[in-house]
Amino acid sequence: MQEELVLKIGQMICAGFPSPFFDDQARRMVEKYRVGNFVLFARNFNNTEQTCNLCNDLSENVHKITGYAPLIAVDQEGGAVSRIYDGGALIPGAMAISASHTDKTYDIGRNTGKILKAMGINTDFAPVLDININPQNPIIGTRSFGDTSEVVEKYGLQMFHGLQKEGIITGVKHYPGHGNVNADSHLGIPINTVSREVLKKTEWMPFERAFEEGAEALMTSHVKYKYVDNEYPSTLSYKIMTELLRKEHGFKGVAITDCMEMGAIADAYGIGEGTVRAIEAGCDILTFSHTFSAVEEAVLSIYQALETGRITPNRIEESYMRIIQLKERHGLVHYTSVDAKEADNLIHNKFTQQINSSVAFDSITLLKDCGGIDAIAHGMPRFFAPLSLALTGAEDEKKEKLSFSKLAAEVFGGQGIDIPLNKCDNATENAINGVYDVAVIGLYNARFRTGQIDVLRKLEASGKTLIVLLLGAPYDMSLIKRADAIIAAYEYTPLSVHALIEAISKKQFNGIYPLKMNK
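Source: prediction; values computed, not measured.

As for the overall build of the protein
Part 1 of the argument: Within the protein, the secondary structure is distributed over 20 helices and 16 strands.
Part 2 of the argument: Taken against the 2.2 N^0.38 rule, which gives 24 Å for 519 residues, the C-alpha radius of gyration of the protein at 23 Å falls within 12% of a compact globule.
Part 3 of the argument: Overall, the C-alpha framework of the protein stretches about 75 × 50 × 40 Å when taken along its three principal axes.
Part 4 of the argument: Each of the 519 residues in the protein was classed as buried or not, and the buried ones make up 63%.

Structural notes on the sheet that holds strand 14 (residues 438–443)
Part 1 of the argument: Spatially, six strands are ordered 11-16-15-14-12-13 in an open sheet, and the strand pairing comes out mixed. Lying at the two open borders of the sheet, with one neighbouring strand each, are strand 11 (365–369) and strand 13 (415–418). The mean angle between the axes of side-by-side strands here comes to 15°, regardless of whether they run parallel or antiparallel.
Part 2 of the argument: Pairing analysis gives four bridges linking strand 15 (residues 465–470) to strand 16 (residues 485–488), with the strands arranged parallel. Bridge pairing links V468 to I486 in strand 16.
Part 3 of the argument: Sheet contacts for helix 17 (residues 404–412): strand 12 (381–385), strand 13 and strand 15; angle to strand 12, the most-contacted strand, approximately 160°.
Part 4 of the argument: Relative to the sheet, helix 19 (residues 451–461) contacts strand 12, strand 14 and strand 15, its axis offset from that of strand 14 by approximately 160°.

Description of the pattern of salt bridges
Charged atoms that come close allow side chains of opposite charge to pair.
Part 1 of the argument: Counted according to the given criterion, the structure contains 26 salt bridges.
Part 2 of the argument: One salt bridge connects K8 with E317, and the closest N-O pair in it is separated by 2.4 Å. One end of the pair, K8, is in helix 1 (residues 3–10); the other, E317, is in helix 13 (residues 313–329), with 309 residues separating them in the sequence.
Part 3 of the argument: Between R110 and E166 there is a salt bridge, with its nearest N and O atoms 2.6 Å apart. Of this pair, R110 sits in helix 5 (residues 105–119) while E166 sits in the loop between helix 6 (149–165) and strand 5 (169–175), and the two are 56 residues apart along the sequence.
Part 4 of the argument: What makes R110 partly exposed here is its relative accessible area of 26%.
Part 5 of the argument: Look at the salt bridges and you will find they share partners, linking D75, E77, R83, R143 and K173 into a network.

Some words on the sheet that holds strand 3 (residues 71–74)
Part 1 of the argument: Reading around the barrel, the eight strands line up as 1-2-3-4-5-7-9-10 and close back on themselves, with parallel pairing between neighbours.
Part 2 of the argument: Pairing analysis gives two bridges linking strand 3 to strand 4 (residues 123–124), with the strands arranged parallel. Bridging across to strand 4, A73 finds its partner in T123.
Part 3 of the argument: Contacts between helix 3 (residues 48–66) and the sheet are confined to strand 2 (37–40) and strand 3, with strand 2 contributing the most and set at about 165° to the helix.

Points about the packing of aromatic side chains
Part 1 of the argument: Inspection of the entire model under this criterion finds eleven aromatic pairs.
Part 2 of the argument: Ring centres of F145 and Y155 lie 6.3 Å apart, and the angle between their planes is 20°; this geometry places the pair in the stacked category. Of this pair, F145 sits in the loop between strand 4 and helix 6 while Y155 is found in helix 6, placing the two residues ten residues apart along the sequence.
Part 3 of the argument: A relative accessible area of 2% means that Y155 is categorised as buried.
Part 4 of the argument: Seen from their ring centres, Y232 and Y269 are 6.2 Å apart, and the 45° between their planes marks the pair as tilted. Here Y232, found in the loop between strand 8 (224–225) and helix 9 (238–248), pairs with Y269, found in the loop between helix 10 (263–266) and helix 11 (271–281); they are 37 residues apart in sequence, far enough to count as distant.

Observations regarding the environment of A377
Part 1 of the argument: Looking at where A377 falls in the secondary structure, it is placed in helix 16 (residues 372–378).
Part 2 of the argument: The class of A377 is exposed, set by a relative accessible area of 54%.
Part 3 of the argument: Separated by 35 residues in sequence, A377 and F412 have C-alpha atoms that sit 6.7 Å apart.

Overview of helix 13
Part 1 of the argument: End to end, helix 13 covers 24 Å across 17 residues, agreeing with the expected 24 Å (1.5 Å per residue, within 8%).
Part 2 of the argument: Taken as a whole, helix 13 has its buried residues at R315, I316, S319, Y320, R322, I323, I324, L326 and K327.
Part 3 of the argument: Positive phi appears at G331, one or two residues downstream of helix 13, with a value of about 70°.

Quick word on the pairing of strand 9 (residues 254–259)
Part 1 of the argument: In terms of burial, strand 9 is a largely internal element, six of the six residues being buried.
Part 2 of the argument: With two bridges connecting them, strand 9 and strand 10 (residues 285–288) associate as parallel partners. Its bridge partner lying in strand 10, I256 is registered against I285.

Some details on the nonpolar core
Part 1 of the argument: The biggest cluster of nonpolar side chains holds 108 residues, and the ones touching the most others in it are F38 and I121.
Part 2 of the argument: In contact with F38, not counting residues within four places along its chain, are C14, A15, F17, A26, M29, V30, L58, V62, L71, I72 and A73.
Part 3 of the argument: Grouped together as the second largest cluster of nonpolar side chains are 34 residues, A485, Y492, I501 and A503 included.

Observations concerning the pairing of strand 3
Part 1 of the argument: Neither face of strand 3 is open: one carries L71 and A73, the other I72 and V74, and all of them are buried.
Part 2 of the argument: Where strand 2 meets strand 3, four bridges bridge the pair, whose relative direction is parallel. What sits directly across from N37, in strand 3, is L71.
Part 3 of the argument: For the handedness criterion, the β-α-β arrangement of strand 2, helix 3 and strand 3 is classed as right-handed.

As for the state of the cysteines
Part 1 of the argument: Within the structure shown, the criterion is met by zero disulfides.
Part 2 of the argument: The closest cysteine sulfur to the non-disulfide-bonded C52 is located on C55, 6.8 Å from its own sulfur.
Part 3 of the argument: Assessed through its relative accessible area of 1%, C52 is described here as buried.
Part 4 of the argument: C259 carries a free sulfur, and the closest cysteine sulfur to it, the one in C14, is 9.6 Å from it.

Notes on the environment of G511
Part 1 of the argument: With respect to the helices, strands and loops of the structure, G511 is situated in the segment after helix 20 (494–506).
Part 2 of the argument: On the basis of relative accessibility, which here comes to 14%, the residue G511 falls in the buried class.
Part 3 of the argument: Residues G511 and I467, 44 residues apart in the sequence, show an inter-C-alpha distance of 17 Å.
Part 4 of the argument: When sequence neighbours within four positions are dropped, the list of residues in contact with G511 reads A99, D362, S363, I364 and T365.

About the thresholds
Residues numbered from 1 in each chain as written. Predicted model: local features only at pLDDT ≥ 70, side-chain atom pairs only at ≥ 80, totals over all residues. Heavy atoms only, no water. Helix = DSSP H or I, 4+ residues; strand = E, 2+ residues; numbered from the N terminus. Rg over C-alpha atoms; globule rule 2.2 N^0.38 Å. Buried < 20%, exposed > 50% of the residue type's maximum accessible area, 1.4 Å probe, protein only. Pairing = 2+ DSSP bridges. Axes fitted to C-alpha atoms, helices over the stretch in contact; angles between N-to-C directions. Contact = heavy atoms within 4.5 Å. Salt bridge = Lys/Arg side-chain N within 4 Å of Asp/Glu carboxyl O. Phe/Tyr/Trp six-rings, centres within 6.5 Å; stacked < 30°, edge-to-face > 60°. Expected span 1.5 Å × (residues − 1). Core = buried A, V, L, I, M, F, W, Y, C linked by side-chain atoms within 4.5 Å. Right-handed = clockwise from strand over helix to strand, strands pointing away. Disulfide = S-S within 2.5 Å.

Okay, structure coming up:
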């Protein structure tokens, strides 16, 4: 393969790697296959100085070999899907923002953009513009601003413009929508069965608005749209990635795939065949979040497709030019280093942290209260909640688990019990049957983790005063048969837990329920 073509194909790859430093896997991908872009996850972050050093090393090495600095991307959506948890970098998630009815969304986007830029990260796979129409959606949920196009556009575009103002490349996602399905594309192919006429009036609208307002990049969904292309999921669909995206929606930017190692692609088509089909469909950058072997299989499959004529050099050139034009607009023709001190100052800026905290506080929503809130302060409470574990493939497993139950017990007294997600074990059973008069249970997307429902049913039957806290999506409200109070927190992060405890302590709940179809 000619070196010029190898370099162009390398620009079409965005890869992940396992270490918090420029490791052997990253080096081999750059040196052997000229990989031109990288995506970072929680496993790549230890602290600000280390992250800045990592980004400097990535930029320097990629620039030296390819002639262009890389896109260094991250999924810093806020809430549960955050890769950086330090200080002001951790922002409220989408649904928490809309519940707060804040006028600070643009500022949150700008502050996030400043922090990412200072760390050397130039691309954010955010905001999520999916409309979470289906309450049984296991992968989007509170990552969405709401269940109507109006709410998603209002807050999503403010976040988009804030990030954009600071020079961040925003990969709006997941085109053309991942909200109205009941399956997780990390595991298989979700199928959307809505007509084109309805899609035009709902799920496609936020993306069209973003394109009109200057979106330079997007991330695809691996969803199959039955009435647009009943054969292929979006990422592999020419009807969607070219005819709909380019011709109907007029998008001229860079189309980046969601991870090609997800089950919807890798299991259904294989890495190699999926890669070739994605390029045939019209995708520009293919993302491989985890393994060297996936990148190698993808690149070799592109080489083979070129040799057989299945993909033409002109098709590679088309994507290459979009990518290079994007990089040139953002100064990625040159290598520039970043200063860890500047990044650290931005992360620990008190005003930025205060904005995030105030929006989180204003998001906490009281859905019902028949004296349950007062009972926490005046009774003998016992708190039940699972630890904050990664529940979907979109989330990173955090190094330190968060225990709402223990933190709440420290503030309000009583006892905190960490309950299992998937079953009611003997220790939890004994705690339920113990001596206390107020039960507080935190549900964490319990509609998908039925062990929590077992605990809820036992507490409902206990006759004790019962307060239910929704630490994940508020759709869990439909599971509740009896409660003296119900509070929605929308997410399970240090930011939201602190806000929830403060709201209960002050008996002040400023959030307004942001959903239309689940009341």
